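Notes for the structure review
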Amino acid sequence: MDNSLGDYLRSRRARIQPQDVGLPEYGRRRVPGLRREEVAQLAGVSVDYYIRLEQGRGSHVSDAVLDAVARVLGLDPTEREHLRDLARPGRTGREAKAPKGPRRPVQRIRSGVRLLLDRMTDVPAFVLGDRMDVVAWNALGAAVNGFTPSGTSGRATAGSGPSGPPNMARSTFLDPDARTFYHDWPAVAAETVAHLRLYAGRRPDDERLAALVGELSVRSEDFRRLWADHQVKEKTYGVKRLRHPLVGDLDFGYETLALPAEPDQLLVAYTVPSGSPTAERLALLASWSADGSGADSGAGAAGEAGPPEQPEQPEQPEQPQQPDRLDRRP
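An account of the accompanying structure is given in this report. If you're wondering where the values come from, they're calculated on a predicted model, not measured in any experiment.

1. Some points on the environment of L53
- In this fold, L53 is placed in helix 3 (residues 47-54).
- For L53, a relative accessible area of 4% translates into the label buried.
- Along the chain, L53 and L5 lie 48 residues apart, while their C-alpha atoms are 7.8 Å from each other.
- When sequence neighbours within four positions are dropped, the list of residues in contact with L53 reads L5, L9, G58, V61 and V69.

2. Observations regarding helix 1 (residues 4-13)
- With seven of 10 residues buried, helix 1 lies mostly within the body of the structure.
- The set of residues buried in helix 1 consists of L5, G6, Y8, L9, S11, R12 and R13.
- At its buried positions, helix 1 is contacted by helix 2 (36-43), helix 3, helix 4 (63-73) and helix 5 (77-87).

3. Considerations on helix 2
- All of the buried residues in helix 2 are E38, V39, A40 and A43.
- Those residues of helix 2 hidden inside the fold are in contact with helix 1, helix 3 and helix 4.
- Two residues or fewer after helix 2 comes G44, characterised by a positive phi angle close to 75 degrees.

4. What about the packing of helix 1 against helix 5?
- For the pair helix 1 and helix 5, interaxial distance at closest approach is 8 Å and the crossing angle is 150 degrees. Of the two elements, helix 1 crosses helix 5, and the hand of that crossing is left-handed. Every residue of helix 5 that contacts helix 1 at S4, L5, Y8, L9 and R12 is listed here: E79, H82, L83, L86 and A87.
- Across the contact of helix 1 with helix 5, the residue classes tally to six nonpolar, two polar and two charged.

5. Examining the packing of aromatic side chains
- Enumeration according to the criterion identifies eight aromatic pairs in this entry.
- A centroid spacing of 5.3 Å and a plane angle of 85 degrees characterise the contact between F173 and F223, whose relative ring orientation is edge-to-face. Note that F173 is positioned in helix 9 (residues 168-174) and F223 in helix 13 (residues 221-227), a separation of 50 residues in sequence. Here the two residues F173 and F223 agree in accessibility, since each one is buried.
- Sitting above the plane of the W185 ring, R179 keeps its charged end 3.8 Å from the centroid.
- Lying over the aromatic face of W227, R197 brings its terminal NZ or CZ to 3.8 Å of the ring centre.

6. Regarding the environment of H82
- Assignment of secondary structure puts H82 in helix 5.
- Separated by 118 residues in the primary sequence, H82 and A200 place their C-alpha atoms 9.3 Å from one another.
- If we ignore the near neighbours within four places in the chain, the residues touching H82 are Y8, R197, L198, G201 and V232.

7. Quick word on the sheet that holds strand 4 (residues 248-259)
- Within the open sheet, the five strands sit side by side as 2-1-5-4-3. Their pairing is antiparallel. Because the sheet does not close on itself, it has two edges, and the strands there are strand 2 (134-137) and strand 3 (237-244). Adjacent strand axes in the sheet meet at a mean angle of 30 degrees, parallel and antiparallel pairs treated alike.
- Sheet analysis places strand 1 (residues 125-128) next to strand 5 (residues 262-271), joined by four bridges and oriented antiparallel. From the neighbouring strand, F126 faces strand 5, where its bridge partner is V268.

8. Things to note about the packing of helix 1 against helix 3
- It is at 7 Å that the axes of helix 1 and helix 3 come closest, and there the two elements cross at 115 degrees. Here L5, G6, L9, R10 and R13 of helix 1 lie close against helix 3, whose contacting residues are Y50, L53 and E54.
- Residues of the contact of helix 1 with helix 3, tallied by class, amount to four nonpolar, one polar and three charged.

Reading the values: the criteria
Residues numbered from 1 in each chain as written. Predicted model: local features only at pLDDT ≥ 70, side-chain atom pairs only at ≥ 80, totals over all residues. Heavy atoms only, no water. Helix = DSSP H or I, 4+ residues; strand = E, 2+ residues; numbered from the N terminus. Buried < 20%, exposed > 50% of the residue type's maximum accessible area, 1.4 Å probe, protein only. Contact = heavy atoms within 4.5 Å. Axes fitted to C-alpha atoms, helices over the stretch in contact; angles between N-to-C directions. Left-handed = near helix turned anticlockwise from the far one by under 90°. Nonpolar A, V, L, I, M, F, W, Y, C, P; charged D, E, K, R; others polar. Phe/Tyr/Trp six-rings, centres within 6.5 Å; stacked < 30°, edge-to-face > 60°. Lys NZ or Arg CZ within 6 Å of the ring centre and 35° of its normal. Pairing = 2+ DSSP bridges.

Rendered as structure tokens:
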């Protein structure tokens, strides 16, 4: 039987040393970190109560007990929220605001969000949905990241199912080019798993997530190791350093915005200072995309048809072919 709460508590107490919380050490320890008895003592609860909590029998645990345990284990605000999600699934945090019942097979994007993406012509942007699926993007977001509609080629679609959208977790761990594309691949991989682990706490009954985690665990030793570490992290803002196959190094900042009425959808936008080398390379990439060598704007949700169909254009005289390197996808 799955015991995510117990696994998480054990992983967190394993990283706390007795001297970190003012306890004396008594000889060698069979396991790293604090003993269950020590956590119980410091949290002010009985040993039996804490053992039952680690056994996953804490569905009626109080906020006061969870706060005490979180304090002993040195949890940050995101880790505290994750602890509450695991202890009382579906009752707290963003999960309480999310629609109940099984996840929708189709992740839909509101027309206003799609219009916003299309108006962000000089900003690479995309929308992350359930399980880190990329459910929508603009033209520059596609040109930078290699997003393509379902069933076609592209860097970010590596490993995606035949009817599914691009998925950032699959591309990070299953695409052989990812370690070159991301300057700091180990950090990106760790952040990806930490965000996916946080989502898993909010959606414990998501069968597609379970399938995704199972697939990545089988196919990637790195994912399996990071998943077992139980780190959680909210996707907020930061730096993204890429090595683009067409224009070279791109150094972005990024901002993440939660979308109203869709708690599991995040709008991610890359930022770059005007006049910087990245801004110049991004402008060059945008011009190539406008000429037809970039990816399509927009995206279909999983199970949908993808970008709106474009009207047929009259046949144009043959143009000189771009250099081969421009035809490559990131």
